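Chain by chain, the residues:
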Amino acid sequence: MAANTALGATSSLPRHVVLAGVGTTWQEFTLHQGARPGKVTVFADATCYVAFSGDNSAASPADGGAVGTMKITLTAAQAAAGYVLALSPGPMRAGSVFVAAVSSTITATLVQE
């Protein structure tokens with residue numbers, strides 16, 4: 001199972017984390033909840049899937065879980081340029097972003113602002 005990774009270890013923004021070896025199951029990145037609203041930019045070195053938490057339905061991603069239907073597919077070009085996810089304010093705000101490789105492994109970088 002993948003290990004949940006927190007975005008940064010300090011209270012200041014921006015926060016970022018680089019993780020090599022992200023495989024084909026979800027890798028969870030816990031967001032800092034003090035920054036509202038904000039955005040998360042996802043970078044990767046190959047085609048990848050991205051999802052976020054927000055509801056507690058059975059289709060929601062889980063750390064180390066299989067990639068399901070609730071996802072965004074980023075091409076290698078999109079992932080290299082960075083994909084921005086806007087975070088909504090309020091109680092429905094995402095608590096985590098999930099990244100998985102389409103095949104093999106990737107290096108993922110997430111930046112929360």
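Residues numbered from 1 in each chain as written. Predicted model: local features only at pLDDT ≥ 70, side-chain atom pairs only at ≥ 80, totals over all residues. Heavy atoms only, no water.

Notes on the overall build of the protein
No. 1: When its secondary structure is counted, the protein shows one helix and nine strands.
No. 2: For the protein, the N- to C-terminal ordering of α and β elements is β-β-β-β-β-β-α-β-β-β.
No. 3: A burial count over the protein gives 36% of its 113 residues as buried.
No. 4: Carbon and sulfur atoms make up 58% of the accessible area of the protein, which amounts to about 5,700 Å² in all. (Helix = DSSP H or I, 4+ residues; strand = E, 2+ residues; numbered from the N terminus. Buried < 20%, exposed > 50% of the residue type's maximum accessible area, 1.4 Å probe, protein only. Areas by Shrake-Rupley, 256 points an atom, 1.4 Å probe, with all protein chains shown as cover.)

A few points about the sheet that holds strand β9 (residues 106–112)
No. 1: Spatial ordering of the open sheet is given by β2-β9-β4-β7, a layout of four strands whose pairing is antiparallel. The open sheet has two edge strands with one neighbour each: β2 (15–22) and β7 (83–87). Put simply, the sheet's adjacent strands are angled 20° from each other on average, direction ignored.
No. 2: Bridge analysis of strand β4 (residues 38–44) against β9 gives five bridges, and the strand direction is antiparallel. Bridge pairing links Ala44 to Ala108 in β9. (Pairing = 2+ DSSP bridges. Axes fitted to C-alpha atoms, helices over the stretch in contact; angles between N-to-C directions.)

A short note on the packing of aromatic side chains
No. 1: Taken as a whole and judged by the stated rule, the model has one aromatic pair.
No. 2: Note on Trp26 and Phe98: the rings are 6.2 Å apart at their centroids and 70° apart in plane angle, and the pair reads as edge-to-face. Remark: Phe98 occurs in strand β8 (residues 96–101) and Trp26 occurs in the loop between β2 and β3 (27–30); sequence separation between them is 72 residues.
No. 3: Trp26 sits in the buried class, given a relative accessible area of 1%.
No. 4: The ring centre of Tyr49 lies 5.2 Å from the NZ or CZ of Lys71, which sits over that ring. (Phe/Tyr/Trp six-rings, centres within 6.5 Å; stacked < 30°, edge-to-face > 60°. Lys NZ or Arg CZ within 6 Å of the ring centre and 35° of its normal.)

Details of the pairing of strand β5 (residues 48–52)
A regular strand places its side chains on the two faces of the sheet in alternate fashion.
No. 1: Counting buried residues in β5 gives four out of five residues, a clear majority hidden from the surface.
No. 2: In terms of strand pairing, β5 meets strand β6 (residues 72–74) through three bridges, oriented antiparallel. Residue pairing in the sheet places Tyr49 in a bridge with Thr73 of β6.
No. 3: Note: β5 against β8, five bridges, orientation antiparallel. Across the sheet, the residue bridging to Cys48 is Ala101, located in β8.

Points about the side chain of Asp63
No. 1: The residue Asp63 is located in the loop between β5 and β6 in this model.
No. 2: Of the side chains with opposite charge, Arg15 lies nearest to the buried Asp63, which makes no salt bridge, at 17 Å.
No. 3: At 2.9 Å, the side chain of Asp63 forms a polar contact with the backbone nitrogen of Glu28. (Lys, Arg positive; Asp, Glu negative; His and termini not counted. Salt bridge = Lys/Arg side-chain N within 4 Å of Asp/Glu carboxyl O. Polar contact = N/O pair within 3.5 Å; in protein donor to acceptor, adjacent residues only side chain to side chain.)

Focus: the nonpolar core
No. 1: Residues Val42, Val97, Val99, Ile106 and Leu110 are the most contacted members of the largest nonpolar core, which totals 20 residues.
No. 2: Of all the elements in the fold, those that place two or more residues in this core are β2, β4, β5, β7, β8 and β9.
No. 3: If you look at the next biggest cluster of nonpolar residues, it comprises five residues, including Trp26, Tyr49, Ala51 and Ala100. (Core = buried A, V, L, I, M, F, W, Y, C linked by side-chain atoms within 4.5 Å.)

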